[in-house]
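In case you want the letters, here they are:
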Amino acid sequence: MATSLATRTVVPTLSSSGANRKTTSGVKGTVSKIALKSSFVGCKVTVPTAPAACVVARHSVSGKVTASTADVIEAKPKSKADDLLVTRDEALDVYEDMVLGRSFEDMCAQMYYRGKMFGFVHLYNGQEAVSSGVIRLLKKEDFVTSTYRDHVHALSKGVPARLVMAELFGKSTGCCRGQGGSMHMFSKEHGLLGGFAFIGEGIPVATGAAFTTKYKREVLKDDNADAVSVAFFGDGTCNNGQFFECLNMAALWKLPIVFVVENNLWAIGMSHLRATSVPEIWKKGPAFGMPGVHVDGMDVLKVREVAKEAIERARRGDGPTLIECETYRFRGHSLADPDELRNPAEKAHYAARDPISAFKKYILENGLATEAELKAIDKKIDEVVEDAVEFADESPLPVRSQLLENVFVDPKGFGIGPDGKYRCEDPDFTAGTAQV
Amino acid sequence: MALSQGIMAASVAVAAPVVLLSASSAYSARPHGALSSATLPALKTRKVFTVKASAAEQPASFGPSSQKLWTPKLVTNAVATKQETAATTGAKGGHELLLFEALREGLEEEMERDPTVVVMGEDVGHYGGSYKVTKGFAEKFGDLRALDTPIAENSFTGMAVGAAMTGLRPVIEGMNMGFLLLAYNQISNNCGMLHYTSGGQFTIPCVIRGPGGVGRQLGAEHSQRLESYFQSVPGLQMVACSTPYNAKGLMKAAIRSQNPVILFEHVLLYNLKETIPDEDYICCLEEAEMVRPGKDITILTYSRMRHYVLQAAKTLVSKGYDPEIIDIRSLKPFDMYTIGNSVKKTHKVLIVEECMRTGGIGASLRAAIMENFFDYLDAPIGCLSSQDVPTPYSGPLEELTVVQPHQIISAVEKMLSD
C-alpha cells in the first residue's frame, strides 16, 4: 500500500519565527508516492519509489483511499503533553550536551590565543544542534566518524572533556596520547572512529564499521550485533568521490549507517552554492537508493526526530539514510580563518537562531525545567570545562620513549637489525635513541 | 590471466626437492624475457629459511588504560638459527602447485581458521578473482566473505579499514596494484597512520595484495611498481613474494599479523610451479631468504627479478663466479641481519630490482647498506633498476626498460673484475 506524502508544513517546535533557508511548507512539485513508514517532522522526505508519479495521488495503486496533503496536516489532535518531543530527562541531557559543546569550544579559542594549543583548530560553535541531536540518541557501542571539526562529536559521544582538552594541549594523557591532536580524536571505548583531516576520508571508515555489523549478523550469526554507524561531514565533502562511492555501497548492501551532512554553507571560503551544481544535498540520497532527508539543523528537536527515525531504520536492517542538516558555524572555518568572506547580515541572521537559546526557550516555555535548573547546568559545565583545562595543564607532555610506541601494533615491523635481533628488542629503541 | 602465460612452468623431477621452475626455452630464444631454468648445477640441496611464526602476539593494546602497558613479548632469536634443508620438506611429501594456487591455499586456510577474515575487491567473488586467487571462495564462504566491491578503490579500502578497526581482518585485493593509486589516501592516512594517530587504540590488521610489476606488454598504467610509492608511509609493512612457497607463507603471515601489510605479487609469476609442504607453515614477514649461498658477490633482489638473477647466475657459475643470492622478500623493513652477514662475507653488493631507479627500493636499500656496513664494502653498491620511463607498450621498448639477465651478468662481471 502506497501512501503519498507531500512535504509538510513545519510543525512548530522551537522557533515558529525561524525562517528556514528553504521553505518547507506547502506542496511542491516534487512529490512522489512513497511507502510511508516514517513520520519525519518538519522536513521534506523523499524516499525512492517507482519512477512513476510526481503527482499528489488521492488513491493508492490498490485503490484504497490514502492520505492527501490536507489530511496529513490536520492529522492528529493531541494533548499538550503529547506536543512535547522530549521528556524532561532527555531535554536536560541534550541541553547539557549542547552547553558543554559551546563552552568547550569557547574555551578552546581562549586557550589557543594563549598559546596552549597550536595548529589547525576548527570550532563547532553554532552547530551544536546537530551533534547533540544525533549523537545523544546513540548507544555506546554505536560508531561515529567525524571530520576535523570533531571536538564536539567526541564530547557528545561521551569522551570526557578532560581527555579531549589534554589531547588538544598535546599531553600524553589525551585521548590519543597527544599523537592525534585537534583533528584526530579517537576513542575505542566510546566508539569514536575518528577525527579525520582529509574530508571524505572518514565516510568509508564509517561504512566499514557498518559492514562489520552486517558481517557479524550474517556471517558470525551474532543476532545481538546491531551497532549503527553515523558519519558526519560537511557540504564541501558532498562533492567528493568518497561520498558518492559510499552512498552507493551503503545502499547496495543495506548497511546500518546514517550519513549526516552538516551543511553550513561554507567550505572555508567556498560557498556551497558556488561549488555545487545541485545544492540540495538531500536529493542525492534517492539517487543512490536511500531516503534523503532535509532538516533545519539549528533546531535540535527537529534534528533529533529525524535522526531517531534514521537510526531505528538502520538498526532494524532497512539500510542507510542521508540527512542534510542546514546549519551554520558562528566562527570562522578555523581559528586561523579571518572569516572575511561571509556576509555580516548572514551571520547576524544565524546568530539570532542560536540553537542553544532556542532550546532553552523551548524548555522553559514547556515547563520541562526551571531557569534555576538550567543555570545550574550552565555552572556545572563551566566547572567541567575549567577542570578539563586544569587537568590538561597539569598533565605531562609525552616523553621521548613514546615516539615509536604506536607506529606498529606489532613492533617486529621495525625489522631485524644488523645484530640479528629485532630492533624493538634494543633497549635504546624504546628510549628513542636507537637508529631505525 | 593471459599475462602469466609467458612463463612456461613445468615441474622437473630432480634430486633437489624444492624446484622453482624450469622452462625449456633459454633466454635468447625468447627475447621478450622468458625465464629459463632455475635448477642450478652448482646447488646440491636448496637451503631455505623456514621460520615458524613467533608464538608471541602483541597484547591487544587499545584503550587509554592499556596504552601505557606496552610490553613487547618477543621471540629473542629473531632470526632462525637452524636452516631447514629442502630435503626435510621433500621427505614429508608435499604437493605441487602453481603460485596463484599457493596464494589461494594460504588465503583459504586462513579464512577457514579465522572467521573474521574477509576478502574484498573487484571480481573476487563470483568471478573468482581476475587471477583466480579467490576461485571458489564465493561458493564456499559466501558473498559477504568474498565481497565483490564496486569499482571504488579508495572507498572500499577505507571500508576495509573501518571493518578492521571494528573487529574484522580484511584482505583487500587490488585487481592490479596500480589501481591502488586510487586508494593511496586511505592506505597512507588510515592503514598506515591511524594506529598512531589514535594513540594505539585501533588496530588495522589488514592485508593489501595484488599483482604488480611489468607484465607482457600491458602498457604503462598496468605495469607499475608501487612498492616505491608506499615505502615511505609509516606504519606499513611491505613484503614481496616470488615463489609458491613464500607466496603461501607470506600470505598467511600477513593475514595473521596485527600490522597492515602490503603483499606484492607479480603478474608474470602466477604460473610458477613448486612443491610445497603439506603441513601448516608461515614465512617470517621481516626476514630475507637466502636463495644461493656464495662468496664472491651479494646479489639482493626480490619478486620477479629473483628469477632473472637465478637465470643469470647459471651463466655466472659456469664462468666460475660464486654469487650469493638473497631474495630480500621484506621490502619494508629490510632484514639487515641476513643482508649484513652477506656483505661482511663478500664485500660487494649488487641490487637487482624492477623498481624505477629514482626513489625505488634499491635506492633505499643502498642507503641502508652504506649506513650500516660501509666499512665492509670493497666497492660502491651496484644497483640495476628499471629505467625511469613509463613502460612502453611495444615489446622491444618494454624489454629495454626492465633489467635483463644479460645486464645482470655484465654488471657482476664488471664488479668482480675490478
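- Named according to an unreviewed UniProt entry, chain B is pyruvate dehydrogenase (acetyl-transferring) originating from Riccia fluitans.
- Quoted verbatim from the Catalytic activity (unreviewed entry) field of UniProt, the annotation for chain B is "N(6)-[(R)-lipoyl]-L-lysyl-[protein] + pyruvate + H(+) = N(6)-[(R)-S(8)-acetyldihydrolipoyl]-L-lysyl-[protein] + CO2".
- The UniProt entry for chain B carries the following comment under Function (unreviewed entry): "The pyruvate dehydrogenase complex catalyzes the overall conversion of pyruvate to acetyl-CoA and CO(2). It contains multiple copies of three enzymatic components: pyruvate dehydrogenase (E1), dihydrolipoamide acetyltransferase (E2) and lipoamide dehydrogenase (E3)."

- Under an unreviewed UniProt entry, the name given to chain A is Pyruvate dehydrogenase E1 component subunit alpha, and the source organism is Riccia fluitans.
- For chain A, the Subunit (unreviewed entry) comment in UniProt is given as "Tetramer of 2 alpha and 2 beta subunits."
- Regarding chain A, the relevant UniProt record gives this comment under Catalytic activity (unreviewed entry): "N(6)-[(R)-lipoyl]-L-lysyl-[protein] + pyruvate + H(+) = N(6)-[(R)-S(8)-acetyldihydrolipoyl]-L-lysyl-[protein] + CO2".

## A look at the overall build of chain B
Thinking step 1. Helix and strand content of chain B: 14 helices and 16 strands.
Thinking step 2. The burial tally for chain B puts 65% of its 418 residues in the buried class.
Thinking step 3. Residue pairs in contact within chain B that sit at least 24 positions apart in sequence constitute 81% of those at least 6 positions apart.
Thinking step 4. Summed over all atoms, the accessible surface of chain B reaches about 14100 Å², with 56% contributed by carbon and sulfur.

## Structural notes on the sheet that holds strand β15 (residues 349-356) of chain B
All names here are of chain B.
Thinking step 1. Ordered in space as β11-β13-β12-β15-β16, the five strands form an open sheet in which the pairing is mixed. The sheet is open, and its two edges are formed by β11 (289-292) and β16 (382-386), each paired on a single side. Taking each pair of neighbouring strands and ignoring which way they run, the sheet shows an average axis angle of 25°.
Thinking step 2. Note: β11 against strand β13 (residues 323-327), three bridges, orientation antiparallel. Counterpart to M290 in the pairing with β13 is I326.
Thinking step 3. Lying over the sheet, helix α10 (residues 304-318) contacts β11, β12 (297-301), β13 and β15, oriented at roughly 170° with respect to β13.
Thinking step 4. Relative to the sheet, helix α12 (residues 361-373) contacts β12, β15 and β16, its axis offset from that of β15 by approximately 150°.

## With respect to the pairing of strand β5 (residues 229-234) of chain A
Residues and elements named next belong to chain A.
Thinking step 1. Counting buried positions along β5 yields six of six residues, so the element is predominantly enclosed.
Thinking step 2. Alternating residues of β5 divide into S229, A231 and F233 and V230, F232 and G234, and every residue in both groups is buried.
Thinking step 3. With helix α8 (residues 241-252) bridging β5 and its parallel neighbour strand β6 (residues 257-263), the resulting β-α-β unit is right-handed.

## Comments concerning the state of the cysteines
Residues and elements named next belong to chain B.
Thinking step 1. This model, assessed by the stated rule, comprises zero disulfides over all chains.
Thinking step 2. Free cysteine: C206, not disulfide-bonded; nearest cysteine sulfur from C191 at 3.7 Å.
Thinking step 3. The buried category is assigned to C206, whose relative accessible area is 0%.

## A few points about the sheet that holds strand β5 (residues 146-148) of chain B
Through backbone hydrogen bonds, the strands of a sheet pair up, either in parallel or in antiparallel fashion.
All names here are of chain B.
Thinking step 1. Sheet architecture is open: seven strands sit in the order β5-β4-β6-β7-β9-β8-β14, paired in mixed fashion. Each end of this open sheet is capped by a strand with a single partner; those strands are β5 and β14 (330-332). This sheet shows a mean twist of 20° between the axes of neighbouring strands, independent of strand direction.
Thinking step 2. Strand direction decides the pairing type here: strand β4 (residues 117-121) and strand β6 (residues 169-173), joined by five bridges, are parallel. Bridge pairing in β6 places V119 opposite V171.

## Quick notes on the interface of chain A and chain B
Thinking step 1. With 60 residues of chain A at the contact, the number on the chain B side is 65 residues.
Thinking step 2. Interface area for chain A against chain B, summed over the two sides, is near 5500 Å², with a carbon-plus-sulfur share of 65%.
Thinking step 3. Between the two partners, chain A and chain B, sit zero salt bridges.
Thinking step 4. On the surface where chain A and chain B come into contact, there are 18 residue pairs in polar contact (both at pLDDT 80 or more).
Thinking step 5. Among the secondary structure elements, those contributing two or more residues to the side of chain A that touches chain B are α7 (202-218) and α8 of chain A.
Thinking step 6. Here the side of chain A that touches chain B takes eleven residues from α7 of chain A, the largest share from any one element.
Thinking step 7. For the side of chain A that touches chain B, the class distribution of residues is 29 nonpolar, 17 polar and 14 charged.

## Side note on the packing of aromatic side chains
To describe a pair of aromatic rings, you give the distance between the ring centres and the angle between the ring planes.
Thinking step 1. Under the definition given, this model contains 17 aromatic pairs over all chains.
Thinking step 2. Ring centres 4.7 Å apart and planes at 65° place the aromatic pair F414 of chain A and F429 of chain A in the edge-to-face group. Here F414 of chain A, found in the loop between α14 (371-394) and α15 (427-431), pairs with F429 of chain A, found in helix α15; they are 15 residues apart in sequence, far enough to count as distant. Here the two residues F414 of chain A and F429 of chain A agree in accessibility, since each one is buried.
Thinking step 3. Feature note: the residues F233, F243, F244, F259 and F288 of chain A constitute an aromatic cluster, connected by ring pairs.
Thinking step 4. The residue whose ring lies beneath K132 of chain B is Y127 of chain B, and the NZ or CZ to ring-centre distance is 4.5 Å.

## Side note on the pattern of salt bridges
All names here are of chain B.
Thinking step 1. All chains considered together, the criterion is met by 47 salt bridges over all chains.
Thinking step 2. For E265, the salt bridge goes to R209, with nearest N and O atoms at 2.6 Å. You can see E265 sitting in strand β9 (residues 261-266) and its partner R209 sitting in strand β7 (residues 207-212), a full 56 residues away along the chain. Residue E265 shares its accessibility class with R209, and that shared class is buried.
Thinking step 3. Here D327 makes a salt bridge to R306, at a shortest N to O gap of 2.7 Å. Here D327 is found in strand β13, whereas its partner R306 is found in helix α10, with 21 residues between them in sequence.
Thinking step 4. Look at D327 and you get buried, because its relative accessible area is 0%.
Thinking step 5. Overall, the relative accessible area of 1% leaves R306 in the buried class.
Thinking step 6. The structure contains a network of salt bridges with shared partners spanning E105, E109, E110, R113, K248, K252, R256 and D280.

## Focus on the packing of α7 of chain A against α8 of chain A
Residues and elements named next belong to chain A.
Thinking step 1. The geometry of α7 relative to α8 is characterised by a closest axis approach of 8 Å and an angle of 20° between their N-to-C directions. When the axis of α7 is compared with that of α8, the two are roughly parallel. The crossing of α7 and α8 is left-handed. Across from I203, P204 and T207 in α7, the residues of α8 making contact are Q242, F243 and C246.
Thinking step 2. Looking at side-chain class alone, the contact of α7 with α8 contains four nonpolar, two polar and no charged residues.

## Concerning the UniProt feature "domain: Transketolase-like pyrimidine-binding" (unreviewed entry) in chain B
Thinking step 1. Under the UniProt annotation, the feature "domain: Transketolase-like pyrimidine-binding" (unreviewed entry) is placed at residues 97-272 of chain B.
Thinking step 2. In the segment residues 97-272 of chain B, helix accounts for 36% and strand for 18%; the C-alpha atoms at its two ends are 8 Å apart.

## Re the pairing of strand β10 (residues 321-326) of chain A
All names here are of chain A.
Thinking step 1. By the criterion of burial, β10 is predominantly enclosed, with six of the six residues buried.
Thinking step 2. Here β10 shows no split at all, with T321, I323 and C325 on one side and L322, E324 and E326 on the other all buried.
Thinking step 3. The pairing of β6 with β10 spans six bridges and is classified as parallel. Note that in β10 the partner of F259 across the bridge is L322.
Thinking step 4. Pairing analysis gives five bridges linking strand β9 (residues 292-296) to β10, with the strands arranged parallel. Bridging from a neighbouring strand, D296 pairs with E326 of β10.

Quick notes on the rules
- Residues numbered from 1 in each chain as written.
- Chains lettered and ligands numbered in written order.
- Predicted model: local features only at pLDDT ≥ 70, side-chain atom pairs only at ≥ 80, totals over all residues.
- Heavy atoms only, no water.
- UniProt positions renumbered as here; feature names shortened; annotations may be inferred.
- Helix = DSSP H or I, 4+ residues; strand = E, 2+ residues; numbered from the N terminus.
- Buried < 20%, exposed > 50% of the residue type's maximum accessible area, 1.4 Å probe, protein only.
- Contact = heavy atoms within 4.5 Å.
- Areas by Shrake-Rupley, 256 points an atom, 1.4 Å probe, with all protein chains shown as cover.
- Pairing = 2+ DSSP bridges.
- Axes fitted to C-alpha atoms, helices over the stretch in contact; angles between N-to-C directions.
- Right-handed = clockwise from strand over helix to strand, strands pointing away.
- Disulfide = S-S within 2.5 Å.
- Buried area = accessible area lost by both parts, 1.4 Å probe.
- Salt bridge = Lys/Arg side-chain N within 4 Å of Asp/Glu carboxyl O.
- Polar contact = N/O pair within 3.5 Å; in protein donor to acceptor, adjacent residues only side chain to side chain.
- Nonpolar A, V, L, I, M, F, W, Y, C, P; charged D, E, K, R; others polar.
- Phe/Tyr/Trp six-rings, centres within 6.5 Å; stacked < 30°, edge-to-face > 60°.
- Lys NZ or Arg CZ within 6 Å of the ring centre and 35° of its normal.
- Parallel < 35°, antiparallel > 145°, perpendicular 65-115°, else oblique.
- Left-handed = near helix turned anticlockwise from the far one by under 90°.

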